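Residue-level structure breakdown
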Amino acid sequence: MASNLKFTKELITFLGKAVIALLETLIFTFIPRPRKNVAGEIVLITGAGRGLGRLLALRFAHLGSVLVLWDVNKEGNEETCRMAREAGATRVYAYTCDCSQKEEIYRVAEQTYKCFLPAMIANDHGHLVCISSSAGLIGVNKLADYCASKFAAYGFAESVFIETIVQKLKGVKTTIVCPFFINTGMFEGCSTVRPFLLPILEPEYVVEKIVDAILKEKVYLYVPRFLYFAMVLKSVLPVKIALLLSDFMGVFNIMDGFVCKKKKH
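Residues numbered from 1 in each chain as written. Predicted model: local features only at pLDDT ≥ 70, side-chain atom pairs only at ≥ 80, totals over all residues. Heavy atoms only, no water.

Describing the pattern of salt bridges
- Summed over all chains, the structure comprises 8 salt bridges.
- For Lys-36, the salt bridge identified is with Glu-217, shortest N-O distance 3.7 Å. Of this pair, Lys-36 sits in the loop between helix H1 (2-30) and strand S1 (42-46) while Glu-217 sits in the loop between helix H7 (203-215) and strand S6 (220-223), placing them 181 residues apart in sequence.
- Residue Lys-36 is classed as partly exposed on the basis of its relative accessible area, which comes to 25%.
- Of the residues examined, Glu-217 reaches a relative accessible area of 34% and is grouped as partly exposed.
- With a shortest N-O distance of 2.5 Å, Glu-86 and Arg-82 are connected by a salt bridge. On the criterion of helical spacing, the pair formed by Glu-86 and Arg-82 is a turn pair, its members being 4 residues apart in helix H3 (residues 74-86).
- The network of salt bridges with common partners includes Arg-35, Asp-212 and Lys-216. (Salt bridge = Lys/Arg side-chain N within 4 Å of Asp/Glu carboxyl O. Helix = DSSP H or I, 4+ residues; strand = E, 2+ residues; numbered from the N terminus. Buried < 20%, exposed > 50% of the residue type's maximum accessible area, 1.4 Å probe, protein only.)

Some remarks on the packing of helix H2 (residues 51-62) against H3
- At a closest axis distance of 9 Å, the pairing of H2 and H3 adopts a crossing angle of 25°. Considering their axes alone, H2 and H3 lie roughly parallel with respect to each other. Where H2 crosses over H3, the two elements pack in a sense that is right-handed. The segment H2 lies against H3, with Arg-54, Ala-57, Leu-58 and Ala-61 engaging Gly-76, Glu-79, Thr-80, Met-83 and Ala-84.
- Classifying every residue of the contact of H2 with H3 by side-chain character gives 5 nonpolar, 2 polar and 2 charged. (Axes fitted to C-alpha atoms, helices over the stretch in contact; angles between N-to-C directions. Parallel < 35°, antiparallel > 145°, perpendicular 65-115°, else oblique. Left-handed = near helix turned anticlockwise from the far one by under 90°. Contact = heavy atoms within 4.5 Å. Nonpolar A, V, L, I, M, F, W, Y, C, P; charged D, E, K, R; others polar.)

What to know about the nonpolar core
- Counting 51 residues, the largest nonpolar core has Phe-60, Leu-67, Leu-69, Leu-143, Phe-181 and Met-255 as the members making the most contacts within it.
- With 7 residues, H7 is the single largest residue contributor to this core.
- Ignoring anything within four residues of it in the chain, the contact list for Met-255 reads Val-140, Asn-141, Lys-142, Leu-143, Phe-181, Phe-187 and Cys-190.
- Residues Leu-117, Met-120, Val-160 and Leu-169 belong to the second largest nonpolar core, which totals 6 residues. (Core = buried A, V, L, I, M, F, W, Y, C linked by side-chain atoms within 4.5 Å.)

With respect to the sheet that holds S6
- Spatially, the 3 strands line up as an open sheet ordered S4-S5-S6, and their pairing is parallel. Across the chains shown, the open sheet's two edge strands, defined by having one partner strand only, are strand S4 (126-131) and S6. Looking at each pair of strands side by side, their axes are set apart by 15° on average, direction ignored.
- Across 6 bridges, S4 lies against strand S5 (residues 172-179) in parallel orientation. Along S5, the bridge assignment pairs Val-129 with Thr-175.
- Of the strands in this sheet, S4, S5 and S6 are in contact with helix H6 (residues 144-166), which crosses S5 at around 160°.
- The strands that helix H8 (residues 226-236) touches are S5 and S6; relative to S6, the one it contacts most, it runs at about 105°. (Pairing = 2+ DSSP bridges.)

Observations regarding a positive patch on the surface
- A contiguous patch of positive charge on the surface is contributed by Arg-33, Lys-209, Lys-218 and Arg-225.
- Looking at the element boundaries, Arg-225 is found in the loop between S6 and H8. (Patch = residues over 30% accessible without salt bridge, like charges linked within 9 Å, V, L, I, M, F, W, Y side chains within 5 Å. Areas by Shrake-Rupley, 256 points an atom, 1.4 Å probe, with all protein chains shown as cover. Lys, Arg positive; Asp, Glu negative; His and termini not counted. Charge placed at Lys NZ, Arg CZ, Asp CG, Glu CD.)

Digging into the packing of H2 against H7
- Between H2 and H7, the least distance of the axes is 10 Å, while the angle of their chain directions is 50°. Relative to H7, H2 is oriented oblique. In this structure, H2 crosses over H7, and the sense of that crossing is right-handed. In this structure, H2 contributes Leu-52, Leu-55, Leu-56, Arg-59 and Phe-60 to the contact, and H7 contributes Pro-203, Glu-204, Val-206, Val-207, Glu-208, Ile-210, Val-211 and Ile-214.
- Of the residues contributing to the contact of H2 with H7, the split by class is 10 nonpolar, no polar and 3 charged.

Here's the deal with the UniProt feature "transmembrane region" (unreviewed entry) in the protein chain
- This chain's UniProt record puts "transmembrane region" (unreviewed entry) on residues 12-31 and 226-245.
- Counted over residues 12-31, helix gives 95% and strand 0%. Its end C-alpha atoms are 28 Å apart.
- The distance from the first to the last C-alpha atom of residues 226-245 is 13 Å, and the span holds 90% helix and 0% strand. (UniProt positions renumbered as here; feature names shortened; annotations may be inferred.)

What follows is the structure, encoded as structure tokens:
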């Protein structure tokens, strides 16, 4: 009897909170969610020497943030630093760092997720942004290694997000970004047969979406929007139909024209 009563109370509490959450979601669907102010906030950007990292640095420079730029390419990173100052940033700090090497990260600033989080938790303030990929949502032919790393990044960031919820850290936010292929040269030669649903994205567009998601404190950002629908279909469709859909969308052959660029030593 006592266990049944406890279950009933928990069920009613769950349903009540679910209705409130649903109403909140509906309200912010029609009313723009307030954007937070990041002026004066410290923004650490890895891979700041080019591509999305550079564009994000310039965007946050316009917003008045304090920029800390990391990149293994010293020349490119310092160029981003110069551009950020020209864009209005008053405090910009550039550090040469190979983020693929743990020792290098600690050498530069002794800061990784593990080192950021204690200070964020103590102050109940901060925002963790993980750039994953659509390849972190679904396996892609001829892209197993990249998919593995992006699935791992997604899972890690989502786990950290859940930990902040369990610890009731309302001031520590998480945004997980999953874009389709971006026209940065990394996937040169790749194409899409359904560009109206899965276009090759322009970097400037993706950066605008990322910054908007951060300022609105969105947990998940999939670009383009079709990816939200695709993930629902992946969850509910029989495997054979999902595979047929993937074939129709050209996912099986998206890497066929890929031009592999050898690293310069």
